Amino acid sequence: MASESSPCSITRGAFHSFVRKRCLVKTGKIMKIEPLLKIIDAISRVQQLMVFPLIALVFVTCADICARNLLGSPLIWGFDVELQLFAALITLCWAYTEYRGAHVRITVVPEALLSRRGQEILSIISYVLFLFPFAGVIFVQGVEFAWNSWKLREISTMTPWQPVIYHIKAMIPLAALLLILQLIASTLRHVIAAIEAD
């Protein structure tokens, strides 16, 4: 009979006990990683401030429409400002949306067919196989995309105003990094839930 002290031979119940004591959970409470999760959540909650660019976007759009219809000419800076505000609003809300669990989710396996632990394990697999690679690709490609834009001091050529846009492109890797942090927190919570599940 294999020794119980061997990591490869412990039973499932012993494994859960080992994890509770050494890593994540003890007496139903999250131990060492709870402060980390709270910090990540706090960073994501800061993105609620993106409501202000949303309000600004509404006002700029309305002003541009009024100028177009009442004065016969759109604001020279209207389109570019609208585009940049919209880009900031979309990208910098990725992590907050994950924090709220508001991203679109597709049910592959009906929840009725899985136990609570099975659901949590399926979520962990989904995060590892799909979400982390997706966010990682956006981050890596976004860094290159933004770096090239900063080197060129890129400007917009879509309107005569021609504002700089490299700072907007820098939001892509930043948003991806924030999303990765929140995905880490979400994954750890699923791991804890799987361990604690009956």
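This structure is a prediction, so every number in the text was calculated from the model and none was measured. (Residues numbered from 1 in each chain as written. Predicted model: local features only at pLDDT ≥ 70, side-chain atom pairs only at ≥ 80, totals over all residues. Heavy atoms only, no water.)

Engineer: Please explain the overall build of the protein chain as it appears in this structure.
Structural biologist: Secondary structure assignment for the protein chain yields eight helices and two strands. Put simply, of all contacts in the protein chain between residues at least 6 apart along the chain, 71% involve residues at least 24 apart. Carbon and sulfur atoms make up 69% of the accessible area of the protein chain, which totals about 12,900 Å². (Helix = DSSP H or I, 4+ residues; strand = E, 2+ residues; numbered from the N terminus. Contact = heavy atoms within 4.5 Å. Areas by Shrake-Rupley, 256 points an atom, 1.4 Å probe, with all protein chains shown as cover.)

Engineer: Explain the side chain of Lys169 to me, please; I cannot follow it from the model alone.
Structural biologist: Within the secondary structure layout, Lys169 lies in helix α7 (residues 166–169). Discounting chain neighbours no more than four positions away, the residues touching Lys169 are Phe145, Ala146, Ser149 and Glu154.

Engineer: What's the story with the side chain of Ser156 in this structure? I'm lost.
Structural biologist: Within the secondary structure layout, Ser156 lies in the loop between α6 (116–152) and α7. Among the residues examined, Ser156 registers a relative accessible area of 5% and is labelled buried. Within the structure, the side chain of Ser156 is placed 3.3 Å from the backbone nitrogen of Met158, a separation counted as a polar contact. The residues contacting Ser156, other than those within four sequence positions of it, are Asp80, Gln162, Pro163 and Ile165. (Buried < 20%, exposed > 50% of the residue type's maximum accessible area, 1.4 Å probe, protein only. Polar contact = N/O pair within 3.5 Å; in protein donor to acceptor, adjacent residues only side chain to side chain.)

Engineer: Is there a simple way to think about the packing of α6 against helix α8 (residues 171–196) in this case?
Structural biologist: Each pair of packed helices can be described by the angle between their axes along with the distance between the axes. The interhelical angle for the contact between α6 and α8, taken along N-to-C directions, is 165°, at an axis separation of 9 Å. On the basis of their axis angle, the class for α6 and α8 is roughly antiparallel. Relative to α8, the crossing made by α6 is left-handed. Its residues placed into classes, the contact of α6 with α8 shows 23 nonpolar, six polar and three charged. (Axes fitted to C-alpha atoms, helices over the stretch in contact; angles between N-to-C directions. Parallel < 35°, antiparallel > 145°, perpendicular 65-115°, else oblique. Left-handed = near helix turned anticlockwise from the far one by under 90°. Nonpolar A, V, L, I, M, F, W, Y, C, P; charged D, E, K, R; others polar.)

Engineer: What is the right way to look at the environment of Ile192 in this model?
Structural biologist: Within the secondary structure, Ile192 is located in helix α8. What makes Ile192 buried here is its relative accessible area of 3%. For the pair Ile192 and Glu120, spaced 72 residues apart in sequence, the C-alpha separation works out to 8.9 Å.

Engineer: How do you make sense of the packing of aromatic side chains when you look at a structure like this?
Structural biologist: Applying the stated rule across the entire model yields two aromatic pairs. Where Tyr96 meets Tyr99, the ring centres are 6.1 Å apart and the plane angle is 35°; that geometry is what we call tilted. Placement of both Tyr96 and Tyr99 in helix α5 (residues 94–99) is noted, with a separation of three residues, approximately one turn of the helix. Its guanidinium or amino end placed over the ring of Tyr166, Arg153 lies 5.5 Å from that ring's centre, counting from NZ or CZ. (Phe/Tyr/Trp six-rings, centres within 6.5 Å; stacked < 30°, edge-to-face > 60°. Lys NZ or Arg CZ within 6 Å of the ring centre and 35° of its normal.)

Engineer: Whenever I open this one, the packing of helix α3 (residues 51–70) against helix α4 (residues 78–91) confuses me. Can you help?
Structural biologist: One can describe the packing of α3 onto α4 by two numbers: an axis separation of 9 Å at closest approach and a directional angle of 155°. Relative to α4, the element α3 lies roughly antiparallel. Regarding α3 and α4, the two cross each other, and that crossing is left-handed. When α3 is examined against α4, the residues Pro53, Leu54, Ala56, Leu57, Val60, Thr61 and Asp64 are found in contact with a partner set consisting of Gly78, Phe79, Val81, Glu82, Leu85, Phe86 and Leu89.

Engineer: What is the right way to read the confidence of the model for the protein chain from this model?
Structural biologist: Where the model shows low pLDDT, its predicted coordinates should not be examined in detail. Model confidence for the protein chain is summarised by a mean pLDDT of 85, while 84% of its residues fall at 70 or above. Note on residues 1–10: pLDDT is under 50 here. Beyond four places in sequence and across chains, it has five contacts. (pLDDT = per-residue confidence, 0-100.)

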